[in-house]
Amino acid sequence: MKLIFEKSQPGRRGIGVPKPDLPVPEVPSELARKEAPRLPELAEPEVLRHFTELSTRNFGIDTGFYPLGSCTMKYNPRINERLVGLPGFAGLHPLVEDDAAQGALELEWRLQEILLEVTGLDAVSLQPAAGSQGELTGLMLFHAYFRDKGEDEQRRKIVIPDTAHGTNPASVTMSGYELTPVKTDARGNIDVEDLRGKVDEHTAGLMLTNPSTLGLFDENIEEIRDIFRSVDALMYYDGANLNAVCGISRPGDMGFDVVHINLHKTFSQPHGGGGPGGGPIAVRDILEPFLPVPVIVNDSGTFRLDYDRPKTIGKVRAFTGPFGVFVRSYAFMRSYGPGLREMSEVAVLNANYMLARLKNDYDLLYDRLCMHEFVLSARNLKKEHGVNALDVAKRLMDYGFHPPTVYFPLVVPEALMIEPTESEAKETLDAFCDAMLAIAREAADEPELVHDAPHSRPVKRLDEVRAAKEQIVRFRFEEHPAEQRAGDRELELQKGA
Ligand SMILES: *Cc1c(COP(=O)(O)O)cnc(C)c1O
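Keep in mind that this is a model prediction, so the values were computed, not measured.

The next thing to look at is the site of the ligand. Around the ligand sit 13 residues, and of these S70, G131, D238, H264 and K265 come closest. Between G131 and the ligand, the recorded distance is 2.8 Å, taken from a backbone N or O atom to an oxygen atom. A distance of 2.8 Å is found between an oxygen atom of the ligand and a side-chain nitrogen or oxygen belonging to S132. Summarising the interface, the protein chains cover 89% of the accessible area of the ligand, which totals 380 Å² for the free molecule. Looking at the shell around the ligand, the elements that each hand over two or more residues are α6 (131–148) and α11 (263–266).

Residues lying three or four places apart along an α-helix face the same way, a consequence of the helix completing one turn every 3.6 residues. Counting buried positions along helix α15 (residues 389–398) yields eight of ten residues, so the element is predominantly enclosed. For α15, every residue scored as buried is listed here: A389, D391, V392, A393, K394, R395, L396 and D398. Its buried side turned inward, α15 meets α14 (379–385), β11 (405–406), β12 (415–418), α16 (426–445), α17 (447–451) and α18 (464–469). Two or three places before L390, at the start of α15, stands the capping residue N388, its side-chain oxygen 3.2 Å from that residue's backbone nitrogen. Two residues or fewer after α15 comes G400, characterised by a positive phi angle close to 90°.

Attention now moves to the packing of aromatic side chains. One pass over the structure, following the stated rule, counts nine aromatic pairs. Summarising the aromatic geometry, the rings of W109 and F303 are spaced 5.6 Å apart at their centres and angled 50° between planes, so their arrangement reads as tilted. Placement of the pair is W109 in helix α5 (residues 102–119) and F303 in strand β9 (residues 302–306), with a sequence separation of 194 residues. What makes W109 partly exposed here is its relative accessible area of 23%. Linked through ring pairs, F65, F401 and F432 together constitute an aromatic cluster.

To continue, consider the nonpolar core. Grouped together as the largest cluster of nonpolar side chains are 50 residues, with contacts concentrated most on L115, L195, L206, F228 and F267. Breaking this core down by element, the ones donating at least two residues are α5, α8 (192–196), β4 (203–209), α9 (221–229), β5 (234–238), α12 (323–336) and α13 (340–358). Per-element accounting of this core gives the leading share, seven residues, to α12. Dropping the residues within four chain positions of it, L195 is found in contact with V159, V182, I190, I224, I227 and F228. Listed in part, the 29 residues of the second largest apolar core include V387, V392, I439 and A443.

So, how was this worked out
Residues numbered from 1 in each chain as written. Predicted model: local features only at pLDDT ≥ 70, side-chain atom pairs only at ≥ 80, totals over all residues. Heavy atoms only, no water. Near = heavy atom within 4 Å. Polar contact = N/O pair within 3.5 Å; in protein donor to acceptor, adjacent residues only side chain to side chain. Areas by Shrake-Rupley, 256 points an atom, 1.4 Å probe, with all protein chains shown as cover. Helix = DSSP H or I, 4+ residues; strand = E, 2+ residues; numbered from the N terminus. Buried < 20%, exposed > 50% of the residue type's maximum accessible area, 1.4 Å probe, protein only. Contact = heavy atoms within 4.5 Å. Phe/Tyr/Trp six-rings, centres within 6.5 Å; stacked < 30°, edge-to-face > 60°. Core = buried A, V, L, I, M, F, W, Y, C linked by side-chain atoms within 4.5 Å.

See the structure below:
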């Protein structure tokens, strides 16, 4: 498919701008363009066809099953879009006075109340823009809390299991803490013996995803909590996997002091491709004084933004956070109502159903009931047929599915991390399992077929090393002199040449 720049024809136009009927002021020559902007020149139907065709080359949750583990690619109900588009929400100016934004502030406050209920904690900041920023904000709160107690110098270490998502160690390093990695035991839990030897009075806290990235709920969570409590350290809960436990168990009850909630995962937002996300944090009362400003306050039914927080860590994002994300997630939560628990139950049921269908044909390192996702290993296919996890993922595209997450978590060789979510019908889950089983058979009978996949996609197997090393991310006009000449001629015309 050609780029829009390659389709450009000199002088072709989608619209005609009428000649100005007022005098046009001279642009001072030092400010005037020396060169015409290199914009593609096309008629309106060509533009429409171009982008419509592009959209059909993209895979999304609206086109098919998207079991990308850890990312919770669930269906985004259309009612959410209707509500976020309401003029009072969509047209709201972020600098409007509180009394002119009561509806929006009330929505944010109500969203916070639901997050408190779901997490079992005491206060919320909606500001962080994503889970990763929630992590950084949470660790900044750790610093502020210990600084307030005069212990910040002494507490340097944050414990992280070896199954952690990459953002966890990145946040630890960015926030100025040191990393203490801890091992995973034979059942997929944190290795408690390893942990005991690593926690002391220099420990600031723990960062844990529970259920973990293996899709397993840590069976020793109370013992782990006691270890950290015994040295007065704090506990951070990476809430990316909250879709497994909503209405069933709460991070606050497990002993955690800070939780981030990935609104774009658990509470349904169109995401992927770096789109807008939301990573609010919920905290225990001991951390509330340090929360970012502004804080949304409810004075008996009147809502306002409170900036008067002497111990605040400051701002982590403009205004109160990504407002459109809040409207969608709030709508999503309210359409479930108290039935949010059912959302998690169905997500867990779907994952276990698929696990049961697949675990005889793919390796499973930790053979337990899973939560909302599970991690298979293609190491058996690699050993016996030379087909690896990447080959399986690419071949799934020929069957019309988005591949699962691969090669993560790092503790599982040839990992295939599958998360169906609660959105999918049994027929879809079965069709995906059938494809996975067919691929396992193909690996034995026709390994080349799997190895060279995908066969039916517009983009075939890429040279990933070359793609990473020789990045071409910009159209090079030098290689397309025709467009350049057209642009320059336009400029000459404007100049009246
Ligand atoms: C997605 C994810 C994160 C990071 O969240 P973002 O919202 O993508 O920044 C952190 N931890 C885990 C386990 C995740 O799956």
